[in-house]
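If you want the building blocks of each chain, they are given just below.
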Amino acid sequence: MMTFQMQSHGGAQAKRAPTEKPQLLEALRPADGDIAVDEAADFGFLLPPGGDAGQYLPDVPDADLDQLGDLMVPDVDTVDATPDGAMAPVLTYWGQFLDHELTARTDRESDLTGIDDPTPKATGEEIERQLKNARTPRFDLDSVYGGLPIGTFSAPSIQHAASVLRTGLRHPVHTAKMRVGTAVEPGPLPDDTLDTHRDLPRFHQVGQKVRDAALDIARAQMTADAFAKFEAGLPKRALIGDMRNDENIIIAQFHLSFLRFHNKVVDFLTENDTGWIADFDAAKSLTKLHYQWLVVHGYLKDICDPGVVTRILDTRNAHYDAFRSDYAARNPGRVVGNVIPLEFSVAAFRFGHSMVRNIYDYNRTFGRPNGTAPFDQIFAFTGGGDIGARFGLNLNSIPKNWVIDWARFVTPDASFDDGGPQRVARAVDTVIAPPLGDMANEGGDFDTATPDGAALRVLFRNLARRNLRRGKSLRLPTGQALHAHLQSIGAVTSGPQADIRGWLDNKPELAAFLDGHAFNSASPLWFYCLAEAEGTPGPGLGEMGSWIVAATFIGALMDDADSALSREFSPDQSPLRTPDGDPINTIERWMRFAAVLA
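What comes next is a walk through the structure. (Residues numbered from 1 in each chain as written. Predicted model: local features only at pLDDT ≥ 70, side-chain atom pairs only at ≥ 80, totals over all residues. Heavy atoms only, no water.)

## Some details on the pattern of salt bridges
Using the criterion set out here, one finds 35 salt bridges in the structure. Of the charged contacts, one joins Arg244 and Asp242 as a salt bridge, the two residues approaching to 2.8 Å between their closest N and O atoms. The buried category is assigned to Arg244, whose relative accessible area is 3%. The partner of Arg368 in a salt bridge is Asp418, and the shortest N-O contact between them spans 2.7 Å. A residue pair is termed long-range when its members are at least 10 positions apart, and Arg368 in the loop between strand 4 (359-360) and strand 5 (373-374) and Asp418 in the loop between helix 13 (375-380) and helix 14 (451-460) qualify at 50 residues. Taking relative accessible area as the criterion, Arg368 reaches 15% and is therefore assigned buried. Through salt bridges that share partners, Asp361, Arg368, Asp405, Arg408, Asp418 and Arg423 make up one connected network. (Salt bridge = Lys/Arg side-chain N within 4 Å of Asp/Glu carboxyl O. Buried < 20%, exposed > 50% of the residue type's maximum accessible area, 1.4 Å probe, protein only. Helix = DSSP H or I, 4+ residues; strand = E, 2+ residues; numbered from the N terminus.)

Spelled out as structure tokens, the structure:
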């Protein structure tokens, strides 16, 4: 499936006419609503749609959703504005990378969903039939390798463009390797021993044929205004499978680690007698196996309740399989690809928004001992942020002094007493970092000279309001209703929290708002998952949130016969070793092997 994703978060998707397809494939196409060239799979509800109206948000003014969202964002932007957690900061952006691997489109304005007026535009059944996932629902690293440039719903011209674009992802000379970029002055680098090839590849590095292919794909995905902006900034844009991985510098550097890891696998297999051929396919296979193993053992078991993860593995994800079977029975002849729960994409997996820090100890220039990296600057040094142009820089690649020091991110450290930011993620709870209440790179498409345009710009820049309104627009069940359903089928052992205030930890303003409000016992699902985490001992998600996230991830891995989970792969079986001879079984060792961590 053609899987290049050119759009960032938010905004509107391009209008599309239904795509003509051969008669043989008609059964795969919904009778109502088009399937566009970038649609790869389905979305569905864990709680079957319809039924009791009490399973959905109460009929209260949208202003109440906005007030709840505002109370989730502190009104002071200090280093301690939101509480520290106990997990490593890398987990925040690792989670963002994983989200981009599995899903796209649930945060985009369309005929099915809008946040300016979140009144649902369609029934739950219609949403299941018409809202399609723009990513392959597998951990196949299509954001890194580009995915196959073919697919049932890809027009021939787009398939050709994707084929051309994929060529640009590979190194132009050493074709077993991936193309990377080079950081430029001003410096220094965060380390004194590693090389300068520490940026994503960008379009200024390739010829016009590859650029034109990218523009053809972008034109098919974007509105005219968004496309014009994309085209103007193309030389600085990252040449990767999913542009969302260049929306902030930390996820961009995380994505780079995959390109570097792949290339180091080629070097390792060339230099060592392992029995493996040092070619592109071998490097890609080993990169994916190590990555997929780390998804379960390095990410899920930190973020989720480890007992929930173990239970899902022991039962072979039986309850999730039942959800997929129920979805297929509700939608006969309409299945595009393996279904992903809307409750995962629109609510549960947005828990990472609460882990974002407003200030980071980023590297030795923008961190100890010389300063900090405020949140807005994390977005300024990317292709979409014009690579520091608002700070007077005229660059097509990131500067050396914005290369990340992964040593400050892969291991949690909350021991500092100098008043600066700790090297931990924020706690998973019901507050999010103040800059997420006014996101600098969002809302630029609205005319602020008009009252409506100004109000929409404020709305689209407020992430908490957006998440809450999107959940209503897409008819998500309340947290209590979904929790009760999952308990009834045996997926979780705990029951719903009738008084959500009982989960809040020292949040007097939130508790006062919820006192007597319908949201207290019929809570928006995203807020409910965060509150459950806040009220549950341990650093990560509560039982229900853990089950939704872990079951979705493990389901994606079990669907892939070549995944690390299906093959029962472990790093001990791999030929790869760190310079110290250790298996690559932690994210720190991954970074060291990729030579992005000294």
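## Structural notes on helix 11 (residues 318-330)
Given a rise of 1.5 Å per residue, 13 residues ought to cover 18 Å, and the 19 Å separating the end C-alpha atoms of helix 11 matches this to within 8%. Every buried residue belonging to helix 11 is among Tyr320, Phe323, Arg324 and Tyr327, and all of these are buried. Relative to the axis of helix 11, the buried residues are bounded by an arc of 95° and lie together on one face. Summarising the contacts, the buried residues of helix 11 are in contact with strand 1 (41-44), helix 3 (124-130), strand 2 (132-133), strand 3 (340-341) and helix 19 (543-559). (Expected span 1.5 Å × (residues − 1). Arc of directions from axis to C-beta. Contact = heavy atoms within 4.5 Å.)

## Considering the pairing of strand 1
As judged from the two bridges shared by strand 1 and strand 2, these two strands associate in the antiparallel manner. By the bridge assignment, Asp42 is partnered in strand 2 with Lys132. Across two bridges, strand 1 lies against strand 3 in parallel orientation. Bridge pairing links Phe43 to Ile340 in strand 3. (Pairing = 2+ DSSP bridges.)

## Notes on the sheet that holds strand 2
Strand order across the open sheet formed by three strands is 2-1-3, with mixed pairing between neighbours. Pairing within the sheet leaves two strands with one partner each, and these edge strands are strand 2 and strand 3.

## Remarks on the packing of aromatic side chains
This structure, assessed with the given rule, holds 31 aromatic pairs. Taking 4.8 Å as the distance between ring centres and 45° as the angle between the ring planes, the aromatic pair formed by Phe261 and Phe593 counts as tilted. One end of the pair, Phe261, is in helix 8 (residues 249-271); the other, Phe593, is in helix 20 (residues 587-593), with 332 residues separating them in the sequence. Each member of the pair, Phe261 as well as Phe593, is classed as buried. If you follow Lys284 out to its NZ or CZ, it ends over the ring of Tyr145, 5.0 Å from the centre. Here the basic side chain of Arg368 rests over the ring of Phe416, its NZ or CZ set 3.7 Å away from the ring centre. (Phe/Tyr/Trp six-rings, centres within 6.5 Å; stacked < 30°, edge-to-face > 60°. Lys NZ or Arg CZ within 6 Å of the ring centre and 35° of its normal.)

## As for the nonpolar core
Formed by 167 residues in total, the largest nonpolar core has its most connected members in Trp406, Trp547 and Phe553. In this structure Trp406 touches Val90, Ile250, Gln253, Phe254, Met591, Val596 and Leu597, once residues within four positions along its chain are discounted. (Core = buried A, V, L, I, M, F, W, Y, C linked by side-chain atoms within 4.5 Å.)

## Focus on the environment of Phe381
Tracing the backbone shows Phe381 in the loop between helix 13 and helix 14. Setting aside chain neighbours within four positions, we find Phe381 in contact with Ile249, Ile387, Gly388, Phe391, Leu393, Ile398, Pro399 and Trp402.

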